[in-house]
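These are the residues of each chain, in order.
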Amino acid sequence: MSRALRIEFPGAYYHITSRGNTRSDIYFDDTGRRYFLSLLQQICERYRWICHAYCLMDNYYHLLIETADSNLSKGMRQLNGVYTQWINRTYKRVGHLFQGRYKAIIVDSNEYLLELSRYIVLNPVRARMCHEASEWPWSSYRSTAGLCKAHECLVVDSILAAFDEHKSQAQEKYRLFVSEGSNQPSPWEKLTNQIYLGSDAFIDEVQCKLDPDQSLIDIPKIQQRQAKKSLSYYQELYGKKEAIIKAYASGHYTLKELAGYFGSSKSSVSRIVNSG
C-alpha cells in the first residue's frame, strides 16, 4: 500500500497521532507514560521541536508539534522507535508496539491551533475516562490551565497568548474555552486530501513548499490531486458545461453530486463529461 506524503518544512505545525498495534495498549502503567514524556522532551531538544499540546491515552497518543526544521520524520522515528525498544526491554516483550506509521496532519496554526489544542485535551472526556479535562493527569491541559507546573516537553505560551496578554487571565479564558468544547465536532471533519487542515490558500502555500526533489512515486492518488474546490468555485468561474467538466476532472465529485448541484439529470451530466 502506498504511503502518505510527509510534507516537511521549517515552521510547520502537525497534529500527530499514533496507535497501538491491533489497538493494544502502548502505556502499561504510569512509569511508561513518564518515560514517554521524558523521551519527547529529549526529541524536542534534539530536533528543535515545540510541543504545544499532548494527550496520552491507553492505546494511542496525540501531539501538537511545531518544527523549526524539516525533520518531522526523523524525530518520529526516534520517538516511536526508542519508546518501543524501552517497552520491549522493560516488559520483556517482542514485536511491534505501534500500528504502522503515525498519522500527521499539517495544520494552519492561524486557524486551528486553539481548536486542536482543545480537541486533544478533551480526548479522555470523549472516551468517558473522566468527566472533565482537569481530571486526566496525562495531557497538557492542567499545565496550560495553570493547575500544575508544565512538563519540560511542553510550551504553553503560544496557546495562552491567543487568549490574553496577562497569564492568569489567559489561563482562565483557556479553561472556559476548553469547557465549552465538549460537544464541538472533530476538526478532522474539515480535513482535505487526508493531510491538510486549513483553507485553500493555506494548502496552496504549503504545496509551494514541497521539496522539488521529493519522489512522487509513493504518494497516494488522492494526495496527488489538487485540493478540493467547492462547486460554487467552478460555477462562478465557468459556464455550466465547462464547470461540470472541470469539477468532474478534479476527481472529487461524482456524476450524481454534479447532477444534484447543477439541477440536471445524471445522464445529462454524463453526456457533458464525455463530450469534454
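See the structure above.
Please read these numbers as outputs of a predicted model, since none were measured by experiment.

Rules of the game
- Residues numbered from 1 in each chain as written.
- Predicted model: local features only at pLDDT ≥ 70, side-chain atom pairs only at ≥ 80, totals over all residues.
- Heavy atoms only, no water.
- Disulfide = S-S within 2.5 Å.
- Buried < 20%, exposed > 50% of the residue type's maximum accessible area, 1.4 Å probe, protein only.
- Axes fitted to C-alpha atoms, helices over the stretch in contact; angles between N-to-C directions.
- Helix = DSSP H or I, 4+ residues; strand = E, 2+ residues; numbered from the N terminus.
- Parallel < 35°, antiparallel > 145°, perpendicular 65-115°, else oblique.
- Left-handed = near helix turned anticlockwise from the far one by under 90°.
- Contact = heavy atoms within 4.5 Å.
- Nonpolar A, V, L, I, M, F, W, Y, C, P; charged D, E, K, R; others polar.

## Digging into the state of the cysteines
And step 1. Across all of its chains, the model carries 0 disulfides by this definition.
And step 2. No disulfide involves Cys130; its nearest neighbouring cysteine sulfur is the one of Cys55, lying 8.3 Å away.
And step 3. The exposure class assigned to Cys130 is buried, which follows from its relative accessible area of 10%.
And step 4. No disulfide involves Cys153; its sulfur sits 5.0 Å from the nearest other cysteine sulfur, which is in Cys51.

## Focus on the packing of helix 11 (residues 240-249) against helix 12 (residues 255-262)
And step 1. Contact pair helix 11 / helix 12: the axes reach a minimum separation of 10 Å and the direction vectors enclose 150°. By the angle class used here, helix 11 and helix 12 are roughly antiparallel. Judged by the sense of rotation from one axis to the other, the crossing of helix 11 with helix 12 is right-handed. Contacts from Lys240, Ala243, Ile244, Ala247 and Tyr248 of helix 11 reach helix 12 at Leu255, Leu258 and Phe262.
And step 2. The residue inventory of the contact of helix 11 with helix 12, partitioned by class, reads 7 nonpolar, no polar and 1 charged.

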